[in-house]
Amino acid sequence: MVRTKKIKAVKRKSERAVLWSVLFLFLLYCVSMYWMTGGLCMFKGLLGIPCPGCGGTRTMLLLAKGDVSGAMELNPSAPLLFICLLNEIRVNYFKNGNKKTAGFLLAAGVFVSVIVYAVRMSMYFPFKEPYVFNGQCLLIKFLRAFHI
């Protein structure tokens, strides 16, 4: 009995250490990306083009305010991915549901998101927010530094 309590205590301690390490690394990532590119998105910060999730946070905020048309204009696949991720959390962490179905729904959500991204990039890039080009990206800085 005492031995299992000690094992559980050590396990909790190691889980907390991993959590704090991940939190620290994420904070380090955020600070370094913001310092290098002026933003937090690695895709846009490195390549200058928006990622499939671009506008997702603003979409969720607009949905929370009740502005459905504004949210769908920014990123129509963000609510679908958000629902899929919530379902994935429900199934994997709360053990309530089928893992295969959750995985399939998440894969379908990612597939739809990539299709929507391709269509919107062909229609809006680089003129309409959030599909604008980032001229301060690391790729452009690198090319300018080496006169390529």
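Everything here concerns the structure above.
Reading guide: rules and limits
Residues numbered from 1 in each chain as written. Predicted model: local features only at pLDDT ≥ 70, side-chain atom pairs only at ≥ 80, totals over all residues. Heavy atoms only, no water. Disulfide = S-S within 2.5 Å. Buried < 20%, exposed > 50% of the residue type's maximum accessible area, 1.4 Å probe, protein only. Patch = residues over 30% accessible without salt bridge, like charges linked within 9 Å, V, L, I, M, F, W, Y side chains within 5 Å. Areas by Shrake-Rupley, 256 points an atom, 1.4 Å probe, with all protein chains shown as cover. Salt bridge = Lys/Arg side-chain N within 4 Å of Asp/Glu carboxyl O. Helix = DSSP H or I, 4+ residues; strand = E, 2+ residues; numbered from the N terminus. Polar contact = N/O pair within 3.5 Å; in protein donor to acceptor, adjacent residues only side chain to side chain.

**Some thoughts on the state of the cysteines**
Turning to step 1, where the next piece is worked out: What the rule picks out here adds up to zero disulfides.
Turning to step 2, where the next piece is worked out: The cysteine C51 is free of any disulfide, with C41 supplying the nearest cysteine sulfur at 3.8 Å.
Turning to step 3, where the next piece is worked out: On the accessibility criterion, C51 (15% relative accessible area) is buried.

**Quick notes on a nonpolar patch on the surface**
Turning to step 1, where the next piece is worked out: On the surface, L80, F111, V112, I115, V119 and M123 cluster together to form a nonpolar patch covering roughly 540 Å² of accessible area.
Turning to step 2, where the next piece is worked out: With respect to the element layout, F111 can be found in helix α6 (residues 99-124).
Turning to step 3, where the next piece is worked out: Relative accessible area serves as the criterion here: at 57%, F111 is assigned to the exposed category.

**So, the side chain of T59**
Turning to step 1, where the next piece is worked out: Position of T59 among the secondary structure elements: in helix α3 (residues 56-65).
Turning to step 2, where the next piece is worked out: A relative accessible area of 0% places T59 in the buried class.
Turning to step 3, where the next piece is worked out: At a separation of 3.5 Å, a polar atom in the side chain of T59 contacts the main-chain carbonyl oxygen of A71.

**A closer look at the pattern of salt bridges**
Turning to step 1, where the next piece is worked out: Using the criterion set out here, one finds one salt bridge in the structure.
Turning to step 2, where the next piece is worked out: Between K128 and E73 there is a salt bridge, with its nearest N and O atoms 3.4 Å apart. Here K128 is found in the loop between α6 and α7 (138-145), whereas its partner E73 is found in helix α4 (residues 68-74), with 55 residues between them in sequence.
Turning to step 3, where the next piece is worked out: Classification of K128 by relative accessible area gives partly exposed; the value is 29%.

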